[in-house]
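One letter stands for each residue in the lines below.
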Amino acid sequence: MSLLTIILNIILPPLGIFVNKGLGKDFLINLILTLIFWLPGVIHAFYVTSKR
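Rules used in this analysis
Numbering of residues begins from 1 in every chain and follows the order in which that chain's sequence is written. Selection of residues for local features in this predicted model requires a pLDDT of at least 70, selection of side-chain atom pairs for listing and counting requires 80 or more, and totals for whole chains, interfaces and linings are taken over all residues. Hydrogens are left out, water is left out, and the side-chain values use all remaining heavy atoms of the structure. Put simply, DSSP H or I for four residues or longer makes a helix, DSSP E for two residues or longer makes a strand, and each gets a number counted from the N terminus. Residue burial is assigned from relative accessible area. The probe radius is 1.4 Å, only protein chains are included, and a residue is buried under 20% of its type maximum, exposed over 50%, and partly exposed in between. By definition in these notes, contact holds between two residues if any of their heavy atoms fall within 4.5 Å.

A closer look at the environment of Phe-27
- Mapping Phe-27 onto the fold places it in helix α3 (residues 25-36).
- Note on Phe-27: relative accessible area 16%, which makes it buried.
- Residues in contact with Phe-27, not counting those within four places in the same chain, are Pro-14, Ile-17, Phe-18 and Gly-22.

Take a look at the structure:
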């Protein structure tokens, strides 16, 4: 996981997912979680980007 990915996961979680995985179900799930509340989106972003 690069420094850029970590920063994006903290500031804009959907963008961090988009950079690593592209548009897909993970991006949509993360977008919904981030819109509901920021912290679940961050946790999901780190989970998705670290399970490579």
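Looking at the environment of Lys-25
- In this fold, Lys-25 is placed in helix α3.
- Note on Lys-25: relative accessible area 65%, which makes it exposed.
- For Lys-25 and Ile-10, which are 15 residues apart along the polypeptide, the C-alpha to C-alpha distance reads 20 Å.

What is shown is where atoms sit, not what they do.
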